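Tertiary structure, described
The chain contents come next:
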Amino acid sequence: MTKTRQYLTAVVGLIATLYTALFGAAIQIGAAENLQNLMDSKTMREFEINKKGTAKGMGVSGNKWTSGMDPNSNYAMVWETHDSGKVLLNWLGTRLSYYRTERTRSGRNRDHVWAEISLTNEKKVMIVITVLVPHPSTEPLVATNVFSIFRKYRPPTLEVVGEKTYELKGAKGVLYESKLGRCTMVVDAAAYSLVNIEVEHCKDSAALVDVAQLLDFERLNRKLSS
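We now turn to the structure provided with this report.

Rules used throughout
Residues numbered from 1 in each chain as written. Predicted model: local features only at pLDDT ≥ 70, side-chain atom pairs only at ≥ 80, totals over all residues. Heavy atoms only, no water. Pairing = 2+ DSSP bridges. Helix = DSSP H or I, 4+ residues; strand = E, 2+ residues; numbered from the N terminus. Axes fitted to C-alpha atoms, helices over the stretch in contact; angles between N-to-C directions. Contact = heavy atoms within 4.5 Å. Buried < 20%, exposed > 50% of the residue type's maximum accessible area, 1.4 Å probe, protein only. Arc of directions from axis to C-beta. Salt bridge = Lys/Arg side-chain N within 4 Å of Asp/Glu carboxyl O. Core = buried A, V, L, I, M, F, W, Y, C linked by side-chain atoms within 4.5 Å. Disulfide = S-S within 2.5 Å.

**Side note on the sheet that holds strand β4 (residues 160-168)**
One open sheet holds the 7 strands; their spatial order is β1-β2-β3-β7-β6-β5-β4, and the pairing between them is antiparallel. Looking at which strands have only one partner, the edges of the open sheet turn out to be β1 (100-108) and β4. Along the sheet, successive strands turn relative to each other by an average axial angle of 15 degrees, direction set aside. Of the pairings in the sheet, the one linking strand β3 (residues 126-134) to strand β7 (residues 193-199) comprises 5 bridges and is antiparallel in character. Paired with T130 across the two strands is N196, which belongs to β7. Sheet contacts for helix α8 (residues 205-214): β2 (112-120), β3, β4, β5 (171-178), β6 (183-189) and β7; angle to β6, the most-contacted strand, approximately 20 degrees.

**Let's talk about helix α9 (residues 217-224)**
F217, L220, N221 and L224 are the residues of α9 that are buried. Viewed end-on, α9 has its buried residues packed into an arc of 95 degrees, placing them on one side of the element.

**Some remarks on the pattern of salt bridges**
Taken as a whole and assessed by the stated rule, the structure comprises 8 salt bridges. For the salt bridge of R154 with D188, the shortest nitrogen-to-oxygen distance reads 2.3 Å. Of the two residues, R154 is situated in the loop between α7 (148-151) and β4 and D188 in strand β6; the sequence distance between them amounts to 34 residues. D188 gets classed as partly exposed once you look at its relative accessible area, which sits at 49%. Ionic pairing is found between E167 and K172, a salt bridge with its closest N-O pair at 3.7 Å. Each member of the pair E167 and K172 is classed as exposed. Several salt bridges converge on common partners, so that one network encompasses R103, R105 and E116.

**Remarks on the nonpolar core**
Formed by 44 residues in total, the largest nonpolar core has its most connected members in L88, M185, I197 and F217. If near-sequence neighbours (up to four positions away) are discounted, M185 is found in contact with Y166, L168, G173, V174, L175, V195, N196, I197, L208, V209 and A212. One finds Y153, L158, V186 and L194 within the second-largest nonpolar core, a separate group that totals 9 residues.

**So, the state of the cysteines**
Taken as a whole and judged by the stated rule, the model has 1 disulfide. What pairs with C183 in a disulfide is C202, and their sulfur atoms sit 2.1 Å apart. Looking down the S-S bond of the C183 and C202 bridge, the torsion is 105 degrees, so its handedness is right-handed. Here C183 is found in strand β6, whereas its partner C202 is found in the loop between β7 and α8, with 19 residues between them in sequence.

Listed below in structure tokens is the structure:
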């Protein structure tokens, strides 16, 4: 018997006990019948199947990361291996002229895939670009702004003293000036994804904006949607 069935059995048993004290043993028979009907219902069967499918699909072995996705899609490609997220940086066009690549990293877990690249310009200003793509099961949390990993990049979690919107190639970005003096730009992308671009000091925000305007959000969105 599954934990769900055990829980329902306990609840119905408690109800039956209370009702028996008031109305007699007939209630116990009716409760048992209702419990059996619930256990045999289509809804319960579907719940059990979906729960097992989710557990299998998100297993720690990592061999079912693309469960439920079109295996031939570009979107599924992002989830294939632990380092597959680096393709996001290619789609975004982060290899820019006059900017030196310092490092690239990526990772994957049950909630999202992420990729990061650090660039420096001729003035030694470092610009860090982070791309985050939520797993389909996490998209509702991102859509309702309750997924902390995404929420932290925006107010009110991010405490800011100013903000400004910029037109980019295929997207709009919002530049935030935090209370700590750091400047970041957040850009929404397809599939509930997010791109964050930042510099440590707002005095270098011109370099941040320059990089943001060179990135290819049109291509990133196209790839994530196909």
